[in-house]
Amino acid sequence: MNHLRRLILKGGGAGGVLACALAAGLLRPTLAQAADWNKAAFESKNLADALKSIGADGAAESAEILIKAPEIAENGAVIPIEVTCRIAGAESIALLAEKNPFPLMAHAELANGTEGYLNTRFKMGQTSVVKVVVKAGGKHYIAGREIKVTIGGCGG
Amino acid sequence: MAEPMKIRARMVDGTAHIVVLMIHPMETGQRKDPRSGQAYPAHFIQHVTATVNDKPVLNVQCGPAISKNPMFGFRVKGAKAGDKLVVAWEDNKGEKSRTEATIA
């Protein structure tokens, strides 16, 4: 709560900061072209909502999803992550960071022989658990892993 | 005009290993200009699509949490050397880029 209050106070002080908070919302109309971009999911502010909006609430924990990422990331702006899923027939892979301002980072759909594998780099504001959700055979599986961040990469 | 992507695609044990590097600022909308206190407007890739011989193989929706100059690595089973790979992205400002490559 205190954190929120602090933010609001800061916002009042700088005059424009409330606008910053709203900016994301205000800018959206220009995004209309990307019609199938899952706006609700990417704008969810907590993990549970994000999971729900990609239809993955109640996903089963799975040890078959391997997450290769550094334990401690010095630079939160560039964290490499490699996901390998040993569950056959993976249809999609979603990456989420629990404590990011918007937890959902990417949602990849795989088709026509693409394996349950994804390698990318992402940003994280602070130390948090990274969750990987894999959809295979109509079911969702989830795995998580904590990554410690020394310098946050979300700006500010 | 967006810079072309760098694509590496080669066959490893019957699977095409593909790595794509895009040049993009991936501005989150959270970062503030220290002088004005205003946030830099968000500017990030929202969609990345890849096709092999015109068949879609990967369709990624991205949020701003993907790092600057994004990299995506993925593996396609059943692709062959010589297949045509096309990768395209579109960002939240409607900018687009498309690059073709051949799987080696």
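Residues numbered from 1 in each chain as written. Chains lettered and ligands numbered in written order. Predicted model: local features only at pLDDT ≥ 70, side-chain atom pairs only at ≥ 80, totals over all residues. Heavy atoms only, no water.

*Asks:* Could you clarify how one ought to interpret the pattern of salt bridges in this entry?
*Replies:* Two side chains that carry opposite charge are able to pair once their charged atoms sit near each other. Residues and elements named next belong to chain B. Tallied over the entire structure, the rule returns eight salt bridges over all chains. R31 is paired through a salt bridge with E27; the nearest N and O atoms lie 2.8 Å apart. Looking at R31, the relative accessible area reads 37%, which means it is partly exposed. For R35, the salt bridge is made with D33, and the minimal N-O distance between the two is 3.7 Å. Note on R35: relative accessible area 77%, which makes it exposed. The buried category is assigned to D33, whose relative accessible area is 16%. (Salt bridge = Lys/Arg side-chain N within 4 Å of Asp/Glu carboxyl O. Buried < 20%, exposed > 50% of the residue type's maximum accessible area, 1.4 Å probe, protein only.)

*Asks:* Quick question: what am I supposed to make of the packing of aromatic side chains here?
*Replies:* To describe a pair of aromatic rings, one takes the distance between the centres and the angle between the planes. A full pass over the atoms with the stated rule returns two aromatic pairs over all chains. Residues W37 of chain A and F42 of chain A carry aromatic rings whose centres are separated by 4.8 Å and whose planes lie at 5° to one another, so their mutual orientation is stacked. With a relative accessible area of 6%, W37 of chain A lands in the buried category. The class of F42 of chain A is buried, set by a relative accessible area of 2%. Centroid distance W37 of chain A to F44 of chain B: 5.8 Å. Interplanar angle 50°. Geometry classified as tilted. (Phe/Tyr/Trp six-rings, centres within 6.5 Å; stacked < 30°, edge-to-face > 60°.)

*Asks:* Can you walk me through the confidence of the model for chain A in this structure?
*Replies:* Caution is warranted with low-pLDDT regions, since their predicted coordinates should not be read in detail. Averaged over every residue, the pLDDT of chain A is 82; the share at 70 or more is 76%. Within the model, the stretch residues 15-34 of chain A combines pLDDT values under 50 with 26 contacts to residues more than four positions away or in other chains. (pLDDT = per-residue confidence, 0-100. Contact = heavy atoms within 4.5 Å.)

*Asks:* Looking at this model, I keep getting lost on the environment of V129 of chain A. Mind explaining?
*Replies:* Residue and element names in this part refer to chain A. With respect to the element layout, V129 can be found in strand 8 (residues 128-136). Residue class for V129 comes out partly exposed when judged on its relative accessible area of 24%. Leaving out residues up to four positions away in the same chain, V129 has contacts with L96, A97, E98, G144, R145 and E146. (Helix = DSSP H or I, 4+ residues; strand = E, 2+ residues; numbered from the N terminus.)

*Asks:* Got a minute to help me understand the interface of chain B and chain A in this structure?
*Replies:* It is common to give the size of an interface as the accessible area that goes away when the parts come together. The interface is formed by 40 residues belonging to chain B together with 41 residues belonging to chain A. Counting each side, the surface lost to burial between chain B and chain A is near 3500 Å², with a carbon and sulfur contribution of 51%. Counting across the chain B and chain A interface gives zero salt bridges. For the pair chain B and chain A, the interface holds 20 residue pairs in polar contact (both at pLDDT 80 or more). Broken down by element, the residue count for the side of chain B that touches chain A peaks at eight residues, all from strand 4 (residues 55-62) of chain B. Here strand 7 (residues 117-122) of chain A pairs with strand 5 (residues 71-77) of chain B via two bridges, running antiparallel. Its bridge partner lying in strand 5 of chain B, N119 of chain A is registered against G73 of chain B. (Buried area = accessible area lost by both parts, 1.4 Å probe. Polar contact = N/O pair within 3.5 Å; in protein donor to acceptor, adjacent residues only side chain to side chain. Pairing = 2+ DSSP bridges.)

*Asks:* Got a minute to help me understand unusual backbone geometry in this structure?
*Replies:* Most of the time, phi is negative for any residue but glycine, and the peptide bond is trans. A positive phi is found at D13 of chain B, a non-glycine position, where the angle reads about 50°. Even without being a glycine, N69 of chain B presents a positive backbone phi close to 50°.

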